[in-house]
Amino acid sequence: MRKRITTIVCAVCLAASAAVAAENAARPVITVDATGPRRTVSPEMYGIFFEEISHAGDGGLYAELVLNRDMEASTIPEGWRVEGDQVFTTMGWRTRKWFHDDLPGWSFVAEGGADGSMHIDANNPLNDRNPHSLRLVVAKTGTRCGVANSGYWGINVQAGEWYDATFYARTEGNKGVGLVFSLENAAGDKVCARATIPEIGRGEFGPPQPSAANGPSQWRKYTLGLHANASDPRCRLVIAPIEPATMWLDVVSLFPRKTFKDRSNGMRRDVAQMLLDMKPGFLRFPGGCVVEGVTLYNRIRWKDSIGDIAQRKGDFDLWGYYTTYGLGYHEYLQLAEDLGAEAMYVANCGMSCQARRPAEIADANQLRFYVQDTLDALEYAVGPATSEWGAKRAANGRAEPFKLKYVEIGNENRGPDYERHYKIFYDAIKAKYPKIITIADVRMADRPVEIVDDHFYVDPARFFNMANHYDNADRNGPKIYVGEYAVNRGVGTGSLLGALAETVFMLNMERNADVVVMCSYAPLFENVNQRNWPVNLILLDSSRCVGRSSYQAQKVFAMNRPDVVLQTLVQASEVQLKGVPASRGRGGPRPPAEAGPAQPARVQQLYALAGLDVKRSEVIVKVVNPTPAAVSGSVVLKGLFKLGGKAKVITLSHADVNAENTLDHPNVIVPVESEMAVAGAEFPATFAANSLTVLRLSAAAE
Ligand code: AHR
């Protein structure tokens, strides 16, 4: 790190206050002026953005334990074709084939002289939305013959807990057969839970399904509970008949009895708790690119994601795997409510993903369908139970409307088609739901835009450079929602350096809270067994989850969100950050190799912003020191009275800026609380190397 000639960088000012020149690289000074203009910070400022990517839902937040429960993971959407290991969509876009066999997740089990087979079967399906089932033939049981499901890289089973299985089955000739369910470790030498259904295939234990007027082999639904007496995070589920039989299985589901808020078809408790701990102001769902799809059919079809899980019709998720739609529209609305967050629905605007060319654009006729589809979604959420879609919500167990505050028209869509579609959607939504706030993907001079959604995936230097990004944002234009942002380059799979750069950008968003009204980091989750995006906020596997340092920073910001921002001036030197290259710019062409190694990034020694927690009568000062050395400076508080003698100090830091939290080492970078004596309106403070620090002290302002 090298100090530059002594300059002072004015980074924090509510009104455009001029940079103040300094003669020496004196101790940095943070001046908070409560007499200056203030800006209100929305209670919804810090929210979360959920998308099914990297198994965020299936195999992540969604508590389902069986992989490919509906036997549809190898179903190719109509009109798509397979060539070798490639799949081509109807639009000609190509993706890697996402399955290696017909029944991903399932394997045949034959032990001790058993004989039989397992196949996918399209005959006599459970219903037309689930066209395939698993056919199991047991010719000789040996010591055991059946099928096993791997779960999502293992099924987490914990001693003392209950697990609830539901499944559909039919047997050849409606023969009655006993079925044993076991949750056991991968080697099969430790059984954590076992339960038997005395007889499937005949009437007593499962009513026939209405769709199955299919003579000698009727589908019936069964349920059973398994109580675990041992633990293993990587169990498999084995299902084995006790005598020779031919049977079909479908929608085989297993949930831990304890889910978040005890919801059925619910969320993993530990994972959802991490969201709750973020105190999110809103929940944006269901994407992301998945809203758009690689074709219009492939968009998230919310109507296929509600109701009985046996009636849902999953699809290929454009991030490279099959998704069941088990975590569907109703569950998102419920989750938002359970998190105490405002719901923000992102609707397809009649355009597939423009990043996956060629995009499919609805023509004028088709567009009516997509507009109506969105209006129906809004009616499902907020319409009375007497309305068409409100009645479906009520039938799904929720008579009272949900709250839905925001709807985003499209995701990352743009261009003339978008602008045309946007206006049609906007008018239709506002005509029927004038109170729902709309969000646009881009700024449009000749369209009514309430809020615009900005996205940034950048290297660390870029966010340091953006410390003043929104200072000159148009105060007469639309409000801004930064719907996706993260440092996801130059930090491996994430590091404290990335988190610190994000916090510098976050200070800027908060400082401009009169125009930047909401923001959400992205993406939210990564199952560490399938990473689809380079850097993600929360890492998980079958039994564990951990917040990266960026997660901790998000939490610190949300817990220390002021009601109003105060004018804050930082006088600090600019330094070079050795080992951190200067930004490559705004996604433009990379400099040629002959341009030589990039210069080190330049940062201020300190960045800061202060605000007031009105209810608690506290001033909150957030300070980022991105440099590898502790920085001692002073804090000056103007126009604040009744200052407490002590400040609460919250510090997020690590000596190594490349350090990170992992599943194995989850607490490397976590906020640490301490206290600091405060002598008066001006006091010295030292900010640790590579740190985000929050000072909270009681104070009153005029
Ligand atoms: O967050 C990952 C992806 O980034 C989102 O799906 C998309 O909106 C953006 O391009």
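A few points on the structure.

Parameters at a glance
Residues numbered from 1 in each chain as written. Predicted model: local features only at pLDDT ≥ 70, side-chain atom pairs only at ≥ 80, totals over all residues. Heavy atoms only, no water. Helix = DSSP H or I, 4+ residues; strand = E, 2+ residues; numbered from the N terminus. Rg over C-alpha atoms; globule rule 2.2 N^0.38 Å. Buried < 20%, exposed > 50% of the residue type's maximum accessible area, 1.4 Å probe, protein only. Contact = heavy atoms within 4.5 Å. Areas by Shrake-Rupley, 256 points an atom, 1.4 Å probe, with all protein chains shown as cover. Lys, Arg positive; Asp, Glu negative; His and termini not counted. Charge placed at Lys NZ, Arg CZ, Asp CG, Glu CD. Phe/Tyr/Trp six-rings, centres within 6.5 Å; stacked < 30°, edge-to-face > 60°. Lys NZ or Arg CZ within 6 Å of the ring centre and 35° of its normal. Pairing = 2+ DSSP bridges. Axes fitted to C-alpha atoms, helices over the stretch in contact; angles between N-to-C directions. 1 Å grid on protein atoms, 1.4 Å probe; cavity = no way out; pocket = protein on both sides within 12 Å on 5 of 7 lines; lining within 4 Å. Points joined across faces, edges and corners; volume = space filled by probe spheres on them. Nonpolar A, V, L, I, M, F, W, Y, C, P; charged D, E, K, R; others polar. Near = heavy atom within 4 Å. Polar contact = N/O pair within 3.5 Å; in protein donor to acceptor, adjacent residues only side chain to side chain. Salt bridge = Lys/Arg side-chain N within 4 Å of Asp/Glu carboxyl O. Parallel < 35°, antiparallel > 145°, perpendicular 65-115°, else oblique. Left-handed = near helix turned anticlockwise from the far one by under 90°. Arc of directions from axis to C-beta. Core = buried A, V, L, I, M, F, W, Y, C linked by side-chain atoms within 4.5 Å.

## Notes on the overall build of the protein
Argument step 1. When helices and strands are tallied, the protein shows nine helices and 41 strands.
Argument step 2. A compact globule built from 702 residues would reach a C-alpha radius of gyration of about 27 Å, and the protein, at 28 Å, matches this within 12%.
Argument step 3. With respect to the principal axes defined by its C-alpha atoms, the protein has extents near 90 × 60 × 55 Å.
Argument step 4. In the protein, which comprises 702 residues, the proportion classed as buried is 60%.
Argument step 5. Put simply, of all contacts in the protein between residues at least 6 apart along the chain, 77% involve residues at least 24 apart.
Argument step 6. Carbon together with sulfur atoms contributes 51% to the accessible area of the protein, which is approximately 26600 Å² in total.
Argument step 7. A gap of 4 Å separates the mean positions of the 76 positive and 78 negative side-chain charges of the protein.

## Considering the packing of aromatic side chains
Argument step 1. Taken as a whole, this structure holds 31 aromatic pairs when the rule is applied.
Argument step 2. Relative to Tyr370, the ring of Phe369 lies with its centre 4.9 Å away and its plane at 90°, an arrangement referred to as edge-to-face.
Argument step 3. The class of Phe369 is partly exposed, set by a relative accessible area of 45%.
Argument step 4. A residue is classified by how much of its surface remains accessible, and Tyr370, at 9% relative accessible area, is buried.
Argument step 5. The rings of Phe50, Phe285, Trp302, Tyr329, Tyr332, Tyr345, Tyr380, Trp389 and Phe525 are connected pair by pair, giving a single aromatic cluster.
Argument step 6. Here the guanidinium or amino end of Arg356 rests over the ring plane of Trp319, the centre of that ring lying 4.7 Å away.
Argument step 7. Positioned over the ring face of Trp389 is Lys392, at 4.8 Å from the centre of the ring.

## With respect to the sheet that holds strand β12 (residues 162-171)
Argument step 1. Pairing is antiparallel across the open sheet formed by five strands, whose spatial order is β8-β9-β17-β12-β15. The sheet terminates laterally at β8 (115-121) and β15 (220-227), the two strands that pair on one side only. In this sheet, neighbouring strand axes are inclined to one another by 30° on average, regardless of whether the strands run parallel or antiparallel.

## Considering helix α3 (residues 329-339)
Argument step 1. Of all 11 residues in α3, 10 are buried, a share of seventy percent or more.
Argument step 2. Tyr329, His330, Glu331, Tyr332, Leu333, Gln334, Leu335, Ala336, Asp338 and Leu339 are the residues of α3 that are buried.
Argument step 3. Summarising the contacts, the buried residues of α3 are in contact with β3 (48-49), α1 (269-276), β18 (282-285), β21 (342-347), α4 (364-382) and α5 (388-395).
Argument step 4. Directly after α3, the chain includes Gly340, whose backbone phi takes a positive value near 70°.

## Re the layout of surface pockets
Argument step 1. Estimated volume of the largest pocket: approximately 680 Å³.
Argument step 2. Within the residue set of the lining of the largest pocket, elements represented by two or more residues are β12, β17 (245-256) and α3.
Argument step 3. When residues of the lining of the largest pocket are assigned to their parent elements, the largest contribution, five residues, is made by α3.
Argument step 4. Of the residues assigned to the lining of the largest pocket, the class counts are nine nonpolar, 11 polar and nine charged.

## With respect to the site of the ligand
Argument step 1. Looking at the ligand, the residues that line it are Glu51, Gly288, Cys289, Trp319, Asn411, Glu412, Tyr457, Glu484, Pro523 and Trp533.
Argument step 2. Asn411 places a side-chain nitrogen or oxygen 3.0 Å from an oxygen atom of the ligand.
Argument step 3. Glu484 is positioned such that a nitrogen or oxygen atom in its side chain is 2.6 Å from an oxygen atom of the ligand.
Argument step 4. Calculation on the ligand without its partners gives an accessible area of 280 Å², and the protein chains cover 94% of this total.
Argument step 5. Here the residues of the shell around the ligand are counted per class, giving five nonpolar, two polar and three charged.

## A closer look at unusual backbone geometry
Note on backbone geometry: most residues besides glycine have negative phi, and most peptide bonds are trans.
Argument step 1. A cis amide bond, omega 0°, links Phe285 with the succeeding residue Pro286.
Argument step 2. Here Gly287 and Gly288 are connected by a cis peptide whose omega angle stands at 10°.
Argument step 3. With respect to the element layout, Gly288 can be found in the loop between β18 and α2 (289-292).
Argument step 4. Look at Lys261: it is not a glycine, yet its phi comes out positive at around 55°.
Argument step 5. Structurally, Lys261 is set in the loop between β17 and α1.
Argument step 6. The phi dihedral of Lys642 falls on the positive side, at around 45°, and the residue is not glycine.

## So, the environment of Phe167
Argument step 1. You can see Phe167 is positioned in strand β12.
Argument step 2. Under the relative-accessibility criterion, Phe167 is labelled buried at 0%.
Argument step 3. Sequence separation between Phe167 and Asp70 is 97 residues, and the spatial gap between their C-alpha atoms is 9.6 Å.
Argument step 4. What Phe167 contacts, discounting residues up to four positions off in sequence, is Leu179, Phe181, Ile197, Ile200, Arg220, Lys221, Tyr222, Leu224, Leu249, Asp250, Val251 and Val252.

## A short note on the pattern of salt bridges
Side-chain pairs of opposite charge can arise where the charged atoms are in close proximity.
Argument step 1. Tallied over the full model, the rule gives 44 salt bridges.
Argument step 2. Two residues, Arg144 and Glu184, come together in a salt bridge whose shortest N-O distance is 2.9 Å. Pair noted here: Arg144 is in strand β10 (residues 144-149) and Glu184 is in strand β13 (residues 177-184), with a separation of 40 residues, a long-range link.
Argument step 3. Here Glu408 ties to Arg284 by a salt bridge, and the two come within 3.3 Å at their closest N and O atoms. You can see Glu408 sitting in strand β22 (residues 406-409) and its partner Arg284 sitting in strand β18, a full 124 residues away along the chain.

## Overview of the packing of α4 against α5
Argument step 1. Close contact between α4 and α5 brings their axes to 7 Å; oriented N to C, the two are set at 50°. The orientation of α4 with respect to α5, classified from their angle, is oblique. Every pair of crossing elements has a handedness; the one defined by α4 and α5 is right-handed. Contacts from Asp376, Glu379, Tyr380, Ala381 and Val382 in α4 reach Glu388, Trp389, Gly390, Lys392 and Arg393 in α5.
Argument step 2. Within the contact of α4 with α5, the residues separate by chemical class into four nonpolar, one polar and five charged.

## A closer look at the pairing of β13
Argument step 1. Counting buried positions along β13 gives eight out of eight residues, so the element sits mostly inside the fold.
Argument step 2. Between β13 and the antiparallel strand that follows it, strand β14 (residues 191-200), lie six residues; Gly188 among them carries a positive phi value of about 80°.
Argument step 3. Across six bridges, the pairing between β13 and strand β16 (residues 232-241) is antiparallel. Bridged to Phe181 within β16 is Ile239.

## Digging into α1
An α-helix turns once every 3.6 residues. As a result, residues three or four positions apart point the same way.
Argument step 1. Taken together, the buried positions of α1 are Val271, Ala272, Met274 and Leu275. Seen end-on, α1 carries its buried residues on one side only, within an arc spanning 145°.
Argument step 2. For α1, the elements touching its buried residues are β3, α3, β27 (525-527), β28 (538-540), β29 (545-547) and α9 (549-559).

## Quick notes on the environment of Pro28
Argument step 1. Assignment of secondary structure puts Pro28 in the segment before β1 (29-33).
Argument step 2. In this structure, the C-alpha to C-alpha distance between Pro28 and Val635, residues 607 residues apart in sequence, is 8.7 Å.
Argument step 3. Discounting chain neighbours no more than four positions away, the residues touching Pro28 are Gln571, Ala572, Gln605, Leu606, Val631, Ser632, Gly633 and Ser634.

## Remarks on the nonpolar core
Argument step 1. Ranked by size, the top nonpolar core spans 129 residues in total, and within it Leu61, Tyr329, Tyr345, Val482, Met509 and Phe525 carry the most contacts.
Argument step 2. At 10 residues, the largest contribution of residues to this core is made by helix α8 (residues 496-511).
Argument step 3. Setting aside chain neighbours within four positions, we find Met509 in contact with Met45, Tyr470, Val482, Tyr485, Val516 and Cys519.
Argument step 4. Core analysis: the second largest hydrophobic core is formed by 40 residues, Ala165, Leu179, Phe181 and Ala245 among them.

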